[in-house]
Amino acid sequence: MNILLIGSGGREHALAWKLRQSPLCHTLFAAPGNAGICEEADCVSLDVNDFSAVARFCKDNAVKLVAVGPEAPLVAGLADALREEGISVFGPSKFAAQLEGSKSFTKDLCAKYGIPTAAYATFDNEAAALAYLEQHGAPIVVKADGLAAGKGVIVAEDAETAEKAIRDIFGGAFGAAGAKVVLEEKMKGEEASFFALCDGENIVPLAGAQDHKRAHDGDEGPNTGGMGAYTPAPVLDEAAQARVMERIIEPTVRAMREVGSPYVGVLYAGLMMTDEGPKLVEYNVRFGDPECQPLMMRLNSDLVELMQATAEHDLAGGSADWSERAALTVVMATKGYPGAYEKGSVISGVERAEEEPLVKVFHAGTARNEAGELIAVGGRVLNVTALGDTIAEAQKRAYAAVEKIDWPEGFYRHDIGWRAVAREGGERGA
Ligand code: AMP
Ligand code: GLY
């Protein structure tokens with residue numbers, strides 16, 4: 001089967017690497033891809049916002065399955081346009097993608113179907129939001145309703161910060177994504193992610209993971225797209241996963257059917273493990289980046305089979321098989337990220353890093369210059385990923401590989417996995 005993968009990040013490199021391992025995969029195309037993806041796939045320049053051009057490409061190249069990596073094309077309706085042309089798509093419809101694309105849509109759905117999440121209220125004007133803030137006070141979480149590249153959430157510890165956030169959002173800081181504001185109770189607990197495949201009706205639970213959103217060691221510094229991740233997440237043990245399935249994922253999939261828009265694709269639940277049990281922080285309608293990278297390292301099952309069964313409503317009785325090992329990813333980013341950074345610095349040593357056993361380096365913002373050297377062209381650039389019998393062992397291997405990479409303009413966190421490693425130490429000591 002010919003497959004088209006949409007995207008250009010570390011997540012998509014991990015998906016490409018895994019799709020390519022399947023005997024079912026004939027030609028893998030990627031649009032637009034990056035330097036790493038182009039080693040696994042035929043990279044093509046397609047404007048993914050031009051849905052008819054994507055459909056035409058699929059017809060011309062006998063593409064039978066389109067796997068969409070990032071959320072933006074899904075929220076824009078790419079899956080609907082391709083399905084109308086009879087092409088199978090791994091990813092939800094425009095309506096169902098509101099689970100990520102509209103925070104108020106998801107909060108209203110949770111309220112209606114009794115899915116545990118933070119208490120909230122939605123506002124379409126500044127005065128009403130400020131009045132609510134005055135009444136409820138801080139701490140409070142202020143969210144722009146729409147997609148804001150991960151920057152639309154402000155966890156305000158004091159009323160002044162909350163007020164500024166409300167004024168900024170209604171003032172247009174996030175454009176149309178800020179037409180509505182959601183104000184939420186601040187939940188307390190440890191965060192974790194859980195992933196499941198849904199074919200509209202049937203659900204195949206995948207696994208749990210945890211990421212590190214802050215830029216610097218000790219979970220300090222500004223929020224980023226994620227500086228590292230690992231799976232499994234010790235905090236999401238079997239009992240917690242069963243509870244997440246029963247109270248959060250299953251009711252959501254039922255609800256989407258009831259509202260007439262069955263959910264097809266991977267559902268990524270961002271969770272807060274509170275004293276009252278797991279609660280939903282947010283949904284994403286795609287794999288996490290970088291969570292996908294360690295997940296793909298641990299997945300034994302054939303990804304083409306799983307994605308095809310998801311897209312073709314054929315997941316009944318299906319399951320995913322995982323390595324007993326843990327996997328951990330360290331993100332290497334360009335100095336300055338998540339703020340301004342330079343592009344074009346040369347990276348060497350990736351091949352040396354991959355000589356370490358059980359290590360794979362997934363590319364994010366990379367390209368080749370005219371001399372054929374690997375260069376950094378993005379904020380997050382490399383995802384050094386390793387397997388280990390424990391998270392501590394995966395961590396050690398990943399950092400040994402990071403040491404082999406020569407890139408003075410890059411930086412990385414030194415403590416990815418600290419929570420899980422501390423827990424493993426605690427268990428050994430107990
Ligand atoms: P989101 O974009 O919704 O994932 O939010 C980004 C981050 O903000 C989350 O990963 C949490 O760390 C934090 N956050 C969002 N909502 C809440 C909440 N209700 N309580 C506490 N933290 C939250
Ligand atoms: N790593 C967080 C995300 O993909 O949204």
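Read on for an overview of the structure.

With that settled, the discussion passes to the overall build of the protein. When you go through the protein residue by residue, the secondary structure sums to 15 helices and 23 strands. Computed over the C-alpha atoms, the radius of gyration of the protein is 21 Å, within 12% of the 22 Å expected from 2.2 N^0.38 for a compact globule of 430 residues. With the C-alpha coordinates of the protein rotated into their principal frame, the extents come out at 60 × 50 × 45 Å. Split into buried and exposed, the 430 residues of the protein put 57% on the buried side. Partitioning the intrachain contacts of the protein with sequence separation of at least 6 by distance along the chain shows that 69% fall at a separation of at least 24. Of the roughly 17600 Å² of accessible surface on the protein, 47% is carried by carbon and sulfur atoms. Of the side chains in the protein, 41 bear a positive and 63 a negative charge, and the two mean positions are spaced by 1 Å.

What follows deals with the sheet that holds strand 5 (residues 88-90). Strand order across the open sheet formed by five strands is 3-2-1-4-5, with parallel pairing between neighbours. Sheet topology places strand 3 (42-43) and strand 5 at the edges, where each strand pairs with a single neighbour. As paired strands, strand 2 (residues 28-32) and strand 3 are joined by two bridges and run parallel to one another. Note on strand 3: the bridge partner recorded for alanine 30 is cysteine 43.

Attention now moves to the site of ligand 2. Near ligand 2 you find Asp211, Gly225, Tyr268, Asn284, Arg286, Gly288, Asp289, Pro290 and Glu291, and these make up its full shell. The side chain of arginine 286 places a nitrogen or oxygen atom 2.9 Å from an oxygen atom of ligand 2. Isolated, ligand 2 exposes 200 Å² of accessible area, and the fraction of that covered by the protein chains is 89%. In terms of residue class, the shell around ligand 2 is built from two nonpolar, three polar and four charged.

With that settled, the discussion passes to the sheet that holds strand 18 (residues 346-347). Strand-to-strand pairing in sheets goes through backbone hydrogen bonds, with the strands running parallel or antiparallel. With antiparallel pairing, the three strands of this open sheet are ordered in space as 18-21-20. Looking at the sheet topology across the chains shown, the edges are occupied by strand 18 and strand 20 (366-368). In the sheet, strand 20 pairs with strand 21 (residues 374-376) via three bridges, with the strands oriented antiparallel. Pairing of arginine 368 across the sheet is with leucine 374, part of strand 21.

Right, let's talk about the site of ligand 1 for a bit. Looking at ligand 1, there are 15 residues lining it, with Glu184, Glu185, Met187, Glu191 and Glu282 nearest. Here a nitrogen atom of ligand 1 sits 2.9 Å away from a polar atom, N or O, in the main chain of glutamate 185. Methionine 187 has a polar backbone atom sitting 2.8 Å from a nitrogen atom of ligand 1. Calculation on ligand 1 without its partners gives an accessible area of 470 Å², and the protein chains cover 88% of this total. Secondary-structure elements contributing two or more residues to the shell around ligand 1 are strand 7 (140-144), strand 8 (153-156) and strand 16 (277-284).

Calculation criteria
Residues numbered from 1 in each chain as written. Chains lettered and ligands numbered in written order. Predicted model: local features only at pLDDT ≥ 70, side-chain atom pairs only at ≥ 80, totals over all residues. Heavy atoms only, no water. Helix = DSSP H or I, 4+ residues; strand = E, 2+ residues; numbered from the N terminus. Rg over C-alpha atoms; globule rule 2.2 N^0.38 Å. Buried < 20%, exposed > 50% of the residue type's maximum accessible area, 1.4 Å probe, protein only. Contact = heavy atoms within 4.5 Å. Areas by Shrake-Rupley, 256 points an atom, 1.4 Å probe, with all protein chains shown as cover. Lys, Arg positive; Asp, Glu negative; His and termini not counted. Charge placed at Lys NZ, Arg CZ, Asp CG, Glu CD. Pairing = 2+ DSSP bridges. Near = heavy atom within 4 Å. Polar contact = N/O pair within 3.5 Å; in protein donor to acceptor, adjacent residues only side chain to side chain. Nonpolar A, V, L, I, M, F, W, Y, C, P; charged D, E, K, R; others polar.

Remember, this is a structural readout, not a statement about activity or role.
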